[in-house]
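Examining the three-dimensional arrangement
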Amino acid sequence: QVQLVESGGGLVQAGGSLRLSCAASGRTYAMGWFRQAPGKEREFVAAISRFGGTTSYADSVKGRFTISRDSAKNMVFLQMNRLRPEDTAVYYCATGSRVSRVVGEYDYWGQGTQVTVSS
């Protein structure tokens, strides 16, 4: 069993930055960040392979967000720069067997952390 706990969300002005963290207990493999805005489906944001050699980003965040992980501490991070109002959502971390953009390929999920970007 894997437990994931996100932190670092909050309210920020457009153009600002936030750093999300996800602490994991148990064995993790690929890690992903997803987000869900009110009335919308959960969507892929970024993912990183088990040892960090492979990353993947949604086009909407490429060049602004950076995913990283500290395997020794069993944590994954999402550095979010140049935030936009459309980035407002609940952000979730998840773990699965491989880097994927598909929600269903992740086995364990955190409870989410709210990110709100004001214009």
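Refer to the preceding data block for the structure.
In short, a report on the structure. (Residues numbered from 1 in each chain as written. Predicted model: local features only at pLDDT ≥ 70, side-chain atom pairs only at ≥ 80, totals over all residues. Heavy atoms only, no water.)

1. Some remarks on the overall build of the protein chain
Note the threshold: For helices the rule is a DSSP run of H or I covering at least 4 residues; for strands it is a run of E covering at least 2, with both sets numbered from the N terminus onward. Just to be clear, the radius of gyration here is over C-alpha atoms, and the globule rule we use is 2.2 Å times residues to the power 0.38. Residue burial is assigned from relative accessible area. The probe radius is 1.4 Å, only protein chains are included, and a residue is buried under 20% of its type maximum, exposed over 50%, and partly exposed in between.
The helix and strand tally for the protein chain stands at zero helices and 11 strands. Against the 2.2 N^0.38 benchmark of 14 Å for 119 residues, the protein chain shows a C-alpha radius of gyration of 13 Å, consistent with a compact globule. The principal-axis extents of the C-alpha atoms in the protein chain amount to approximately 40 × 25 × 25 Å. When the 119 residues of the protein chain are sorted by exposure, 45% land in the buried category.

2. With respect to unusual backbone geometry
Despite not being glycine, N74 shows a phi value in the positive range, around 55 degrees. Positionally, N74 belongs in the loop between strand 7 (65–70) and strand 8 (75–80). Phi angles above zero are rare outside glycine, and R82 is one such case at about 45 degrees. When its relative accessible area of 49% is taken as the criterion, R82 is described as partly exposed.

3. Digging into the state of the cysteines
The line we're drawing: Note on terminology: disulfide denotes any pair of cysteine sulfur atoms within 2.5 Å.
Evaluated as defined, the whole model comprises one disulfide. Residue pairing for C22: its cysteine sulfur links by disulfide to C93, the two sulfurs lying 2.0 Å apart. The sign of the 45 degrees torsion about the S-S bond sets the C22-C93 disulfide as right-handed. In this pair, C22 is assigned in strand 3 (residues 18–25) and C93 in strand 9 (residues 89–96), connecting sequence segments 71 residues apart.

4. What about the packing of aromatic side chains?
The condition that has to hold: Pairing of aromatic rings covers Phe, Tyr and the six-membered ring of Trp, with a centre-to-centre limit of 6.5 Å; geometry is then stacked below 30 degrees between planes, edge-to-face above 60, and tilted otherwise. Whether a charge lies above a ring is judged from NZ of Lys or CZ of Arg, which has to be within 6 Å of the ring centre and within 35 degrees of the ring normal.
Under the counting rule described, the total for this entry stands at four aromatic pairs. Ring geometry for F34 versus F44: centroids 5.7 Å apart, planes at 75 degrees, classification edge-to-face. Residue F34 is found in strand 4 (residues 30–36), and its partner F44 is found in strand 5 (residues 43–48); the two are separated by 10 residues along the sequence. Pair check on accessibility: F34 and F44 agree, each one buried. The class for F34 is buried, based on a relative accessible area of 0%. Against the face of Y92 rests R42, its NZ or CZ located 3.7 Å from the ring centre. For the cation-ring pair, R42 lies above W109, with the distance from its terminal atom to the ring centre recorded as 4.9 Å.

5. Considering the pattern of salt bridges
Convention followed: What counts as a salt bridge is simple: a side-chain nitrogen of Lys or Arg found within 4 Å of a carboxyl oxygen of Asp or Glu.
Enumeration according to the criterion identifies five salt bridges in this entry. Of the charged contacts in the structure, one is a salt bridge between E43 and R35, with a shortest N-O distance of 2.6 Å. With a closest N to O distance of 3.0 Å, R98 and E105 form a salt bridge. Each of R35, E43, R64 and D87 takes part in salt bridges that share partners, so that together they form one network.

6. Observations concerning the environment of Q114
Defined as follows: We call two N or O atoms a polar contact when they sit within 3.5 Å, provided that within protein one can donate a hydrogen and the other can accept it, with sequence-adjacent residues counted only if both atoms are side-chain atoms.
With respect to the helices and strands, the residue Q114 is situated in strand 11 (residues 113–118). Along the primary structure Q114 and R82 are separated by 32 residues, whereas in three dimensions their C-alpha atoms are 17 Å apart. At 3.3 Å, the side chain of Q114 forms a polar contact with the side chain of T116.

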